[in-house]
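Results of the structural survey
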Amino acid sequence: MFGIQVINRLLLTLGLVLGLSHTVVGETLNGAGATFPYPLYSQWFYTYEKTTGIKINYQSIGSGAGIKQVIEGTVDFGASDAPLKEEELKKHNLIQFPMVGGAIAIVYNVPGVQKGLRLSPESIADIYLGKLTRWDDQKIKAENPNIKLPPIPIIVVHRADGSGTTNIFTWFLSDVSKDWKDTVGSGTSVKWHSGIGGKGNEGVAGLVRGTRGAIGYVELAYATQTGMTYAEIRNRDGNYVEPSIETTQKASASATITESFYIKFTYSKGKDSYPIAGFTYLILRKAMDKAKLNKIVKFVEWAYKNGNQFAVKLYYVPLSQELKTKVLEALRKL
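Structural notes, computed from the coordinates.

Basis of the calculations
Residues numbered from 1 in each chain as written. Predicted model: local features only at pLDDT ≥ 70, side-chain atom pairs only at ≥ 80, totals over all residues. Heavy atoms only, no water. Pairing = 2+ DSSP bridges. Helix = DSSP H or I, 4+ residues; strand = E, 2+ residues; numbered from the N terminus. Axes fitted to C-alpha atoms, helices over the stretch in contact; angles between N-to-C directions. Parallel < 35°, antiparallel > 145°, perpendicular 65-115°, else oblique. Contact = heavy atoms within 4.5 Å. Nonpolar A, V, L, I, M, F, W, Y, C, P; charged D, E, K, R; others polar. Expected span 1.5 Å × (residues − 1). Buried < 20%, exposed > 50% of the residue type's maximum accessible area, 1.4 Å probe, protein only. Phe/Tyr/Trp six-rings, centres within 6.5 Å; stacked < 30°, edge-to-face > 60°.

1. Some points on the sheet that holds strand β10 (residues 232-234)
Spatial strand order, β5-β10-β11: three strands in an open sheet with mixed pairing. The sheet is open, and its two borders are formed by β5 (118-119) and β11 (240-241), each paired with just one other strand.

2. A closer look at the packing of helix α12 (residues 290-306) against helix α14 (residues 321-332)
Between α12 and α14, the least distance of the axes is 11 Å, while the angle of their chain directions is 170 degrees. In this view, α12 runs roughly antiparallel relative to α14, as classed from their interaxial angle. Residues Val297, Val300, Glu301 and Tyr304 of α12 pack against Lys324, Val327, Leu328, Leu331 and Arg332 of α14. Across the contact of α12 with α14, the residue classes break down as six nonpolar, no polar and three charged.

3. A word on helix α2 (residues 38-52)
For α2, spanning 15 residues, the distance from its first C-alpha to its last is 20 Å, which sits close to the expected 21 Å at 1.5 Å a residue. Considered for burial, the residues of α2 that qualify are Pro39, Leu40, Tyr41, Trp44, Phe45, Thr47 and Tyr48.

4. Looking at the packing of aromatic side chains
Enumeration over the complete set of coordinates arrives at 22 aromatic pairs. Seen from their ring centres, Trp44 and Phe299 are 6.2 Å apart, and the 70 degrees between their planes marks the pair as edge-to-face. On the criterion of sequence distance, the pair formed by Trp44 in helix α2 and Phe299 in helix α12 is long-range, its members being 255 residues apart. Phe299 shares its class with Trp44; the two are buried. With a centroid separation of 5.1 Å and 75 degrees between ring planes, the pair formed by Tyr48 and Phe299 is classed as edge-to-face. With a gap of 251 residues between them, Tyr48 in helix α2 and Phe299 in helix α12 connect regions that are remote in the sequence. Judged by its relative accessible area of 3%, Tyr48 falls in the buried class.

This is the structure:
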């Protein structure tokens, strides 16, 4: 009798453990991709787990890798700052939708030059094309008559990995420079004319901070959180503006919402628009497990309703209510 009781208890315990394991697995979602929204996603996922008990694991590995993993089905969702074109979505049976907007700051490490450096789109393009190679070049000096620029080389820093941040940045460069558009173009990965590469926004930020004379492009939250200096950029209307929530909102207001949510608003019109900005997206397989899909939709609903306060604190721009409504309508049809 004693032996049977022990066995029964063991079986009961095993059943509870297995049931608990099943619950934990069922309450976990896995995603991977863009480094651009990582500061915000970390806060959202942490708060969402505390609120709902649903855990969301996220690997900040770059947009290119995130797209690859969601296509292969190794994650429940991918994240990218580079939206896929409609034909790519159809080919892989995917849906994409924006979560927030954000600005890309042009950060620099120029001895003796604090915040306030001004750069035109043409100067930025020429720096990345290798045509402007020194900080005391007359073109840069003309844009900054009140700043003493040192006679040192410009060290170009760019992303080494497939990156949605790069996609937005090269969209901008293609908008403002025919030479760039014809010889390099845009995308998550491009063939750079010169410079050194860093992995992720954090890698680029680290190289710029540690390299005298460096210039690079990083998501605004990384720049502000690490106290980096960043430039004022001349926009399409001829005004020099800093990246901020307000100037990014001004830029995104001109965006056209498409059915596939492929939305571009770099170098948009508006006297206060910041010219290097875009949305960051989640990407899902339409044929994914329905239970997991429903959990992701619930998270998106929560983020749209409760996530703005976290977004603004971290210098991200919440979506308009119109865009949120269209996204949720599309998701509920799946």
